[in-house]
Amino acid sequence: MMRLIYKCVTVIGLSVALFVLMEAFWGRPNCFDCRGYQYGFPFAFREEAGYVGPERTVWLGLLGNWAVTLAVSICAVWAWRRARSSK
């Protein structure tokens, strides 16, 4: 049971770190006042409204980004555990 908890905590921590790094390096907005400008990596999850109003969240893009980071993290932990157990 502890191995499962350890694996889940590792995957969640790795996916959060990967999400933050992806958005910090590739998901930053290049235009802070462009109406309709979308940003996020690999899927856009924010849309700027400029001076007209507040920005809005594109929920499908945000969920897509989390799914990508979770899948990459699961694959990394799976490959790491497989390489560790094959020694």
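Above this text is the structure in question.
Presented here is an overview of the structure given in this document. Counting starts from 1 at the beginning of each chain's written sequence and moves along it residue by residue. Given that this is a predicted model, residues contribute local features only at a pLDDT of at least 70 and side-chain atom pairs are listed and counted only at 80 or more, while totals for whole chains, interfaces and linings are drawn from all residues. Computation of side-chain values: all heavy atoms of the structure, hydrogens and water removed.

### Structural notes on the overall build of the chain
Consideration 1: Helix and strand content of the chain: 2 helices and 3 strands.
Consideration 2: What counts as a helix is a DSSP run of H or I of at least four residues, what counts as a strand is a run of E of at least two, and both are numbered from the N terminus. The order of α-helices and β-strands along the chain, N terminus first, is α-β-β-β-α.
Consideration 3: Counting over 87 residues, the chain shows a buried share of 26%.
Consideration 4: Whether two residues are in contact is decided by their heavy atoms: any pair within 4.5 Å suffices. The contacts in the chain between residues at least 6 apart in sequence include a share of 35% that link residues at least 24 apart.
Consideration 5: As displayed, the chain offers around 6,500 Å² of accessible surface, 70% of which is attributable to carbon and sulfur atoms. We call a residue buried when its accessible area falls under 20% of the maximum for its residue type, exposed when it is over 50%, and partly exposed in between, using a 1.4 Å probe and counting protein chains only. Each accessible area is a Shrake-Rupley estimate made with a 1.4 Å probe; only the visible protein chains count as cover when residues are assessed.

### Here we look at the environment of A24
Consideration 1: Assignment of secondary structure puts A24 in helix α1 (residues 2–25).
Consideration 2: Of the residues examined, A24 reaches a relative accessible area of 33% and is grouped as partly exposed.
Consideration 3: On a C-alpha basis, the gap between A24 and G40 in space is 9.4 Å, while along the polypeptide they are 16 residues apart.

### Quick notes on the packing of α1 against helix α2 (residues 59–85)
Consideration 1: Whenever a helix is involved, its axis is fitted only over the stretch in contact; in every case the axis is a line through C-alpha atoms, and angles between N-to-C directions fall within 0 to 180 degrees. Running from amino to carboxyl end, α1 crosses α2 at an angle of 130°, the nearest separation of the two axes being 8 Å. As judged from the angle between their axes, α1 and α2 are oblique. For the crossing formed where α1 meets α2, the hand is right-handed. Residue-level inspection shows R3, Y6, K7, T10, V11, L14, S15, V16, L18, F19, M22 and E23 of α1 in contact with α2, the latter providing L62, N65, W66, T69, L70, V72, S73, I74, A76, V77, W80 and R81.
Consideration 2: Under the scheme applied here, ten amino acids are nonpolar (Ala, Val, Leu, Ile, Met, Phe, Trp, Tyr, Cys and Pro), four are charged (Asp, Glu, Lys and Arg), and all others, including Gly, are polar. Residues that form the contact of α1 with α2 fall into these classes: 15 nonpolar, 5 polar and 4 charged. Comment on the angle field: the value is read as roughly parallel under 35 degrees, roughly antiparallel over 145, roughly perpendicular from 65 to 115, and oblique elsewhere. Less than a right angle of anticlockwise turn of the near helix away from the far helix marks a crossing as left-handed, whereas a clockwise turn marks it as right-handed.

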